[in-house]
Amino acid sequence: MKILVTAKRVEDPESKIKVKPDGSDIVKEGLKYKINPFDEIGVEEGLRLAAKHTGEVVVVSIGGKEVQEQLRHALAMGANRAIWVNHTGPLDQLGIAGLLQKVAEKEKPDVVLLGKQSIDDDQNQVGQYLAEFLGWGQATFASKVESLESDQEKNKVPAVVLSADKKSVQVVREVDNGLATLEVQLPAVITTDLRLNQPRYASLPGIMKAKSKPIEELTPAGLGVDVAPKIQVLKLASPPARKAGIKVPDVATLVEKLHNEAKVV
Amino acid sequence: MSIVLIVAEQQPDGNLRKASLNAIAAGKQLADKAGAELHLVLLSKDPSRLAEELKGTGAKVIHTAAAPEFEHYLAEVYAPVVAGLAQELKASFVGAASTAQGKDLLPRVAARLKAAMATDITGINGSGADITFTRPMWAGNVFAEVKLTTPVQVISIRATEFSPAAGAGASAEVKSFQPKLEASKTKFVSFNEVKSARPELTEASVVVSGGRGTKGDFKEIEALADLLGAAVGASRAVCDAGWVPNDLQVGQTGKVVAPKLYIAAGISGAIQHLAGMKSSKTIVAINKDPEAPIFQVADYGLVDDLFKVLPALRESIQKLK
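Parameters at a glance
- Residues numbered from 1 in each chain as written.
- Chains lettered and ligands numbered in written order.
- Predicted model: local features only at pLDDT ≥ 70, side-chain atom pairs only at ≥ 80, totals over all residues.
- Heavy atoms only, no water.
- Helix = DSSP H or I, 4+ residues; strand = E, 2+ residues; numbered from the N terminus.
- Pairing = 2+ DSSP bridges.
- Axes fitted to C-alpha atoms, helices over the stretch in contact; angles between N-to-C directions.
- Contact = heavy atoms within 4.5 Å.
- Buried area = accessible area lost by both parts, 1.4 Å probe.
- Salt bridge = Lys/Arg side-chain N within 4 Å of Asp/Glu carboxyl O.
- Polar contact = N/O pair within 3.5 Å; in protein donor to acceptor, adjacent residues only side chain to side chain.
- Nonpolar A, V, L, I, M, F, W, Y, C, P; charged D, E, K, R; others polar.
- Buried < 20%, exposed > 50% of the residue type's maximum accessible area, 1.4 Å probe, protein only.

Asks: Tell me what's going on with the environment of Leu130 of chain A, and back it up with residues and numbers.
Replies: Inspection of the secondary structure assignment puts Leu130 of chain A in helix H4 (residues 126-134). Once the C-alpha coordinates of Leu130 of chain A and Glu183 of chain A are considered, the two residues, 53 residues apart in sequence, prove to be 18 Å apart.

Structure (structure tokens):
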């Protein structure tokens, strides 16, 4: 089984993001970068599927030279090899999905696993675009029924389950008001939600091994994809600040304020 | 005249997803600004009742298609039908509420239309051919103004930012069409609904949320919620731990709420949680840790143990009633 997984480079989700005074960009100084947390869940799920069904995990990232850090991280977790699509400059979801389509057509994986959204632009689009471009089925927001504390989680059994004939996967999805289960024919695109799994830490031997694993370099021009953005980000702004609140000493004061001042109780 | 086409969502129980009314209101606003007509599309096993319900929302035309395949929503079945209709109508904009369905469906529709898409829009700016959208990024720490430059533009709409459409008289024309259905590589297997007697999180006017501080004991949260007729919410940590169902999660990747009153008990206030509740009108935070970031967005903060505060709060509110 061959699994293609994405590893986008994003600002550390714990970072305080500030907008430059002229609204042209965010302040990048001092920020730390990580693999998109949802993609990391995808890498973990890919590794579990590959371990169970003897397969290969290929990780892909798009960006400047710095995205090799995120590829090395995925390789240290256990991915077999990596593809780096070398591109600097702005990219939108159409461009990203177009590049991933070409990579998928070249690699012919059984499953492409992507984070359901990246925590920088929060668009939640690329997996769905990719599935349509490839003409494949999609299962977005893959989750699971068991909680993270369950025995199943501890035993690291894949939550995306391959059918007996290996031609389809059953995926539990998080949707409004509950959990939906789909059966998708392979090859398929699956996007990962938070509760699918708990990604493993990269072990020291894993980190050492990752250094010698191959990273293949591709370019948008080589893949024949026009990545000129169709989404223009004109301006960034901070959300309106909430008016400073107060601390109240006790329940009686709180209820008094809610009743007389805010008039919500 | 150009057309704004909004997808009305039918819930698994056959009723209209309320967030669709907010999306329709946003669609009306967009149509007015762009000088376009508002049309709706409704796919269902039997669309007649919901079409009737949608007649008074300000749309000019409601396009309905009936097929047994529409009983359980599947992106692969719905996307070609919505995209096909959009092409036939020469729609300039296609949109829907940012529900789980909207977020699953719309990018697939956009891909078919070679269209750019903006997710979770909170505002519509400009007029005529010069429309831009406001949307959150970095967990709502940044709001971006974006322009989509493809001939067709696709948007998903954050329901809490638009009041629900209503009161336009039952004036919409209902037109049924015969969709061409494509074979799907995906099959619906099952849906496990989380049933609750409490109001839906995204529609409630009061939300009482619990975090890690509850240690998984939600009895006090639920008791206060029931007293206030409120919905129960939760932080990611408690959903991840399996203490409460996932669909109670409020946050960047959970549900976005904007009630009149939001009570956060035992929630420290991670950026991701704040992204889901910062637009609430009045925020109350109860936490033992005076340094908890939730206090920075709370109108009223009380530094104390929630297991002491919530019962006392219930008692005093009961006295008021």
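Asks: Provide a residue-level description of the sheet that holds strand E13 (residues 231-234) of chain B, including the pertinent values.
Replies: Taken in spatial order, the six strands line up as E14(A)-E16(B)-E15(B)-E14(B)-E12(B)-E13(B) in an open sheet, and their pairing is parallel. The two strands at the open ends of the sheet, each matched to only one other strand, are strand E14 (246-247) of chain A together with E13 of chain B. Pairing geometry for strand E14 (residues 261-265) of chain B and strand E15 (residues 282-287) of chain B, over five bridges, is parallel. Among the inter-strand pairings, Ala265 of chain B is bridged to a residue of E15 of chain B, identified as Ile286 of chain B.

Asks: Please set out the sheet that holds strand E13 (residues 231-237) of chain A residue by residue, giving values where relevant.
Replies: If you walk across this open sheet you meet the four strands as E13(A)-E8(B)-E7(B)-E6(B), and the pairing is antiparallel. With partners counted over all chains shown, the strands left at the sheet margins are E13 of chain A together with strand E6 (123-125) of chain B, one partner each. Recorded for the sheet is a direction-independent mean angle of 35° between the axes of neighbouring strands. As judged from the six bridges shared by E13 of chain A and strand E8 (residues 142-148) of chain B, these two strands associate in the antiparallel manner. Each residue of the ladder has a partner; that of Gln232 of chain A, found in E8 of chain B, is Lys147 of chain B. Taken strand by strand, helix H1 (residues 19-34) of chain B contacts E6 and strand E7 (132-137) of chain B, and its axis lies near 5° from that of E6 of chain B.

Asks: Go over the interface of chain B and chain A with me, naming the residues and quoting the values.
Replies: Taken together, the 83 residues of chain B in the interface contact 78 residues of chain A. Between chain B and chain A, a total of about 7,000 Å² is buried, with carbon and sulfur atoms accounting for 55% of that surface. Applying the counting rule to chain B against chain A returns seven salt bridges. With a shortest N-O distance of 2.9 Å, Arg112 of chain B and Glu132 of chain A are connected by a salt bridge. The interface formed by chain B and chain A includes 47 residue pairs in polar contact (both at pLDDT 80 or more). Here the residues of the side of chain B that touches chain A are counted per class, giving 41 nonpolar, 21 polar and 21 charged.

Asks: Tell me about unusual backbone geometry, and name the residues and values.
Replies: Residue and element names in this part refer to chain A. Residue Pro187 is bonded to the preceding Leu186 through a cis peptide linkage, with omega at -5°. Backbone geometry at Thr54 places phi at a positive 40°, although glycine is not the residue there. Structurally, Thr54 is set in the loop between helix H1 (37-53) and strand E4 (56-63). Classification of Thr54 as exposed rests on a relative accessible area of 70%. Phi at Phe141 is positive, roughly 60°, even though this residue is not glycine. If you trace the backbone, Phe141 turns up in strand E7 (residues 137-142).

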